[in-house]
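# Inside the fold
Below are the chains, spelled out letter by letter.
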Amino acid sequence: MACQGLQKGETLASLKRECDNLKKKLEEERGKLNDVELHQVAEKTEVLGALSVKTRRVLKGHGNKVLCMDWCKDRRRLVSSSQDGKVIVWDAFTLNKEHGITLPCTWVMACAYAPSGCAVACGGLDNKCSVVPLSLDKTENLAAKKKSVAMHTNYVSGCTFTNSDMQLLTCSGDGTCALWDVESGQLLQSFHGHTADVLSLDLAPSETGNTFVSGGCDKKANVWDMRSGQNIQSFESHESDINCVKYYPSGDAFASASDDATCRFYDLRADREVAVYQKDSIIFGASTVDFSLSGRLLFAGYNDYTINAWDVLKGTRVSVLFGHENRISRVRVSPDGTALCSASWDNTLRIWA
Amino acid sequence: MTINTLAKGGWYREQMTCFRKMEKVIVAMQDPDMGMKMRNQRLLITVIPHAMTGRDVIDWLIQKYNICEEEALHVGGMLVRYGYIYPLKEPRSLVLRADETPYRFQTPYFWTSTRWPASELDYAIYLAKKNIRKQGELMEYEKERYSLLHKRINHTWDFVVMQAREQLRASKQRRKADRIVLECQEQAYWLINRPPVRSLTLHYSAVLYHTVLSCIESCRRALGRNRVKSSICLEGFVKFSEQYQNHDPIMQGCLPSNPWISDDTNTHRLERWSFSFMELLNDPIGRREFMTYLEKEFSAENLCFWQACEDIRHGESSKIIQKVEDVYKNFLAPGAARWVNIDSKTMDKTLEGIKHPHRFVMDDAQLHIYFLMKKDSYPRYLKSDLYKNMLAKAIVPQETKKSVFPFMRRQRHSSPSPAQAVTQVTEEDGRAMGAGKAGTNSAAGSHV
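Residues numbered from 1 in each chain as written. Chains lettered and ligands numbered in written order. Predicted model: local features only at pLDDT ≥ 70, side-chain atom pairs only at ≥ 80, totals over all residues. Heavy atoms only, no water.

## Some remarks on the overall build of chain A
If you tally the helices and strands in chain A, you get 2 helices and 28 strands. Counting the 353 residues in chain A, one finds 64% classified as buried. Total accessible area computed for chain A in this model is approximately 12,100 Å², and 47% of it derives from carbon and sulfur atoms. (Helix = DSSP H or I, 4+ residues; strand = E, 2+ residues; numbered from the N terminus. Buried < 20%, exposed > 50% of the residue type's maximum accessible area, 1.4 Å probe, protein only. Areas by Shrake-Rupley, 256 points an atom, 1.4 Å probe, with all protein chains shown as cover.)

The following block contains the structure:
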């Protein structure tokens, strides 16, 4: 260590001790208002029967692992992206492939549909997130109209439009999240706080619509204020990388999926983890989660090729969905809650209902 | 899914992979066939062999990796910052210039990855050599560190001085060009590993220090938060689920009239408008109905104002100034055509903010009007004849036992893509598009 570092070294140890003490105090404070557990409150709700949910569609067409997908607000279209650099827009209803975009990079890990339905955003190993306007002219080369919006210093792991086509929120392997203006490509706000790759983010469905949550390889889930860039709340209870975070429909809580084979439920007002969804027979990491429309069910996709449906309130597993032949990379419930779409490394997407 | 996973102490591991990659580039640059052309560079009166210009480096990168000049400058800059290439003329300026500035490759002996971490002892010997060779040649920060080291490792100071003298004697026996090169290499190494300012992130403990400080700060902030009792929060989830249970198709298999074909309003959809104000506003038809009601009550300007503010918040950056001006003219200025009633404190703050308009300048005023509508007009709308009549006329959705997916065993009409509308889809367009425009019947897809 450098001599300068030695001076700091002494203070570093004492700072670390102060940090650990504060963390303990925080846990104590959080515990004080913990007067009841979720499953106790949920005792009076009825037990859910097994879901009669089946595969209704299989979307074939990608030549390699499907890494991400997103529904369009019209509840029937969706966009998916794959390891081979292709982004496809499907009409899930008719199984038509409406648009195909080839990107120059492989591992397109993030894709999102614009709220208007007129554009898609995609990004990955190219460290960028680009917006592609969807044109109905089949002969037009959509890739040519691609516009680079976000620039990170490492891979882009997730992206989402905010409430309009004009702003894009991204998270990256460089440990930061960022808010971009689509038109000018300008960085509007950046969010620093994670100490490792950020793997996922989700926008809050709230009245004021100004916060989002992110999860990363530092095992932390952070809630951010979009305008000030500040980290409002932080949760660190997972034992491994957090692969996915998703808000509960009311916006008062969120769920996370992690490599430690558990999914967890965090209440934002109580400021603590309120449920852990795990089972001894579930050994492989969970890579993705989403809630059903009422928030009663939590669908989680795992690396053992299955999707488990959990009863959010009681903490029990309701159903297992088999069918994919490789890891699940993404599950998303359609905007009207009628169907669940799952994307997998077996090159296909499935619609369940 | 992860690409990089960092274990404890992983910052070091992450850096090592970067170093390995940079080293691959460096080795390729020095390839006898495909590498860069070296030439002799004049440094004062000495000729230094095997040097290249910044321009050479950039051109080589552009050609080899098929990238643009900006990216080549960026990558090359990294190679200089991490010490794989060092500048001959201005050793302290660790930047890559795209001109005739001469650079040289650092010898692998001095690669950061080879000698990680740079030891105290080596640094002491280096500073001692510099001190002996040219008295008073040490920079301020070097002098400080030298005296600190002197205190710190005083017990081995004799060894340090002896080593320094030995190394100086050995170097005197070298050719001048070689000596200068070796001195440059060593100097470059220490400039990277003991930088004068803590600006480079190579210093491991500096990074850790920062992380711990920010962790402490966020813990302090978190301790100050207001928290709500669990029993209250958790009860909220139970209530929410119960309220929406009947509207959750995956759970109930309960069909509203198929939303994929028509845009009919059914009782379920109308009921949701009564769950929260946000539900009403989020549904385009709900918003339209509410506007109609407000017009009857002569308070439509509130919703218009709210919508205009949303437009500013989420719209194009270039149009913000114009939009803020319009909003001021139409809603806030004294005597405005559609003046909205905001309390004086918020009004003053907003007017002040308008002088320097930005995306969120209307937030306070918008929130005020939002809560005004929520507390006053919204509850009255739910009790109004307008809403009640709509509810009475609406279609009651079929309740089926089994989950029948809307498009099973039905003709699948293709629907026009949203991308077809050149401008934003309006509600009228939505209705027209949604009304089962007969498209081609697609071939049966795969069905499980």
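## Some points on the overall build of chain B
Summing up its helical and strand segments, chain B has 19 helices and 4 strands in all. For chain B, with 448 residues in total, the buried portion stands at 44%. Partitioning the intrachain contacts of chain B with sequence separation of at least 6 by distance along the chain shows that 64% fall at a separation of at least 24. Of the roughly 24,800 Å² of accessible surface on chain B, 54% is carried by carbon and sulfur atoms. (Contact = heavy atoms within 4.5 Å.)

## Considering helix α4 (residues 120-133) of chain B
Residue pairs spaced three or four apart in an α-helix point in one direction, given the helix's 3.6 residues per turn. With 14 residues, α4 of chain B ought to run about 20 Å at 1.5 Å a step, and its terminal C-alpha atoms sit 20 Å apart, in line with that. For α4 of chain B, the secondary structure elements touched by its buried residues are α5 (140-152), α6 (157-172) and α7 (176-193) of chain B. (Expected span 1.5 Å × (residues − 1).)

## Overview of the UniProt feature "repeat: WD" (unreviewed entry) in chain A
When the UniProt feature table is mapped to this numbering, "repeat: WD" (unreviewed entry) covers residues 59-91, 149-190, 191-234, 235-276 and 321-353 of chain A. Note that residues 321-353 of chain A is 0% helix and 52% strand, and that its end C-alpha atoms are spaced 11 Å apart. (UniProt positions renumbered as here; feature names shortened; annotations may be inferred.)

## Things to note about the pattern of salt bridges
Inspection of every chain in the model, using the stated rule, returns 33 salt bridges over all chains. One salt bridge in this structure joins R169 of chain B and E166 of chain B, with 2.5 Å as the shortest N-O distance. Separated by 3 residues within a single helix, R169 of chain B and E166 of chain B lie in helix α6, roughly one turn from each other. Sharing partners across several salt bridges, the network here consists of E27, R30 and D271 of chain A together with R227 of chain B. (Salt bridge = Lys/Arg side-chain N within 4 Å of Asp/Glu carboxyl O.)

## Let's talk about helix α16 (residues 344-354) of chain B
All names here are of chain B. All buried positions along α16 are accounted for by T346, M347, T350 and I354. Down the axis of α16, the buried set is contained in an arc of 100 degrees. They therefore lie on one face. Exposed and oriented more than 90 degrees from the buried face of α16 are S344, K345, D348 and K349. Summarising the contacts, the buried residues of α16 are in contact with α15 (320-332) and α17 (363-383). (Arc of directions from axis to C-beta.)

## Some points on the sheet that holds strand β18 (residues 242-247) of chain A
Pairing within the open sheet is antiparallel, and its 4 strands lie in the order β18-β19-β20-β21 (chain A). Looking at strand neighbours, the two that pair on one side only are β18 and β21 (272-277) of chain A, the edges of this open sheet. The sheet shows a mean angle of 25 degrees between the axes of neighbouring strands, taken without regard to direction. Alignment of strand β19 (residues 253-258) of chain A against strand β20 (residues 263-267) of chain A, held across 5 bridges, turns out to be antiparallel. Directly across from S256 of chain A, in β20 of chain A, lies its bridge partner R264 of chain A. Contacting β19, β20 and β21 of chain A, helix α9 (residues 230-245) of chain B crosses the sheet at an angle of about 115 degrees to β20 of chain A. (Pairing = 2+ DSSP bridges. Axes fitted to C-alpha atoms, helices over the stretch in contact; angles between N-to-C directions.)

## Re the confidence of the model for chain B
Detailed reading of the predicted coordinates is not advisable wherever pLDDT falls low. Residue and element names in this part refer to chain B. On average, residues of chain B carry a pLDDT of 77, and 77% of them reach 70 or more. Averaged over each element, pLDDT in chain B is lowest for helix α19 (residues 427-434) (38) and highest for α17 (93). Contacts for the low-pLDDT stretch residues 256-263, under 50 throughout, to residues beyond four places or in other chains number 25 contacts. Considering only residues more than four positions removed or in separate chains, one finds that residues 399-412, a stretch of pLDDT under 50, has 37 contacts. Listed scores for the predicted complex are pTM 0.62 and ipTM 0.84. (pLDDT = per-residue confidence, 0-100.)

## Notes on the packing of aromatic side chains
Within a pair of aromatic rings, the relevant descriptors are the distance that separates the centres and the angle that separates the planes. With the rule as written, the count across this model stands at 36 aromatic pairs over all chains. A connected cluster of aromatic rings, assembled from ring pairs, spans W273, F277, F290, Y293, W306, Y370, F371, Y378, Y381 and Y387 of chain B. Sitting above the plane of the W345 of chain A ring, K65 of chain A keeps its charged end 5.1 Å from the centroid. The ring of Y123 of chain B carries R194 of chain B above its face, with NZ or CZ at 5.3 Å from the centroid. (Phe/Tyr/Trp six-rings, centres within 6.5 Å; stacked < 30°, edge-to-face > 60°. Lys NZ or Arg CZ within 6 Å of the ring centre and 35° of its normal.)

## Let's talk about the environment of D376 of chain B
Along the chain, D376 of chain B turns up in helix α17. Residue classification places D376 of chain B among the partly exposed positions, given a relative accessible area of 39%.

## A word on the pairing of strand β17 (residues 231-235) of chain A
Residue and element names in this part refer to chain A. Relative to β17, strand β16 (residues 221-225) runs antiparallel, the two being bridged by 4 bridges. Each bridged residue has a counterpart across the sheet, and for A221 the counterpart in β17 is F235. In this antiparallel pair of consecutive strands, β16 and β17, the connection spans 5 residues, and G229 shows a positive phi of 80 degrees.

## Here's the deal with the UniProt feature "coiled-coil region" (unreviewed entry) in chain A
According to UniProt, the "coiled-coil region" (unreviewed entry) feature falls on residues 12-39 of chain A. Secondary structure across residues 12-39 of chain A comprises 82% helix and 0% strand; the distance between its end C-alpha atoms is 42 Å.

## A few points about the sheet that holds strand β22 (residues 286-291) of chain A
Residue and element names in this part refer to chain A. On the basis of which strands lie adjacent, the open sheet formed by 4 strands has the order β22-β23-β24-β25 and antiparallel pairing. One side of each edge strand has no neighbouring strand; the edge strands of this open sheet are β22 and β25 (317-321). Direction aside, neighbouring strands of the sheet carry axes that sit 20 degrees apart on average.

## Concerning the packing of helix α13 (residues 284-297) of chain B against α17 of chain B
All names here are of chain B. Where α13 meets α17, the closest approach of the two axes is 10 Å, and the angle between their N-to-C directions is 95 degrees. With respect to each other, α13 and α17 are oriented roughly perpendicular. Between α13 and α17, the contacting residues are E289, F290, Y293, L294 and E297 on the first element and M373, S377, Y378, R380 and Y381 on the second. Of the residues assigned to the contact of α13 with α17, the class counts are 6 nonpolar, 1 polar and 3 charged. (Parallel < 35°, antiparallel > 145°, perpendicular 65-115°, else oblique. Nonpolar A, V, L, I, M, F, W, Y, C, P; charged D, E, K, R; others polar.)

## Topic: the packing of α13 of chain B against helix α14 (residues 300-314) of chain B
All names here are of chain B. Where α13 meets α14, the closest approach of the two axes is 7 Å, and the angle between their N-to-C directions is 140 degrees. Between α13 and α14, the angle falls in the class oblique. Residues R287, F290, M291, L294 and E295 of α13 pack against A300, L303, C304, W306 and Q307 of α14. Taken together, the residues of the contact of α13 with α14 sort by class into 7 nonpolar, 1 polar and 2 charged.

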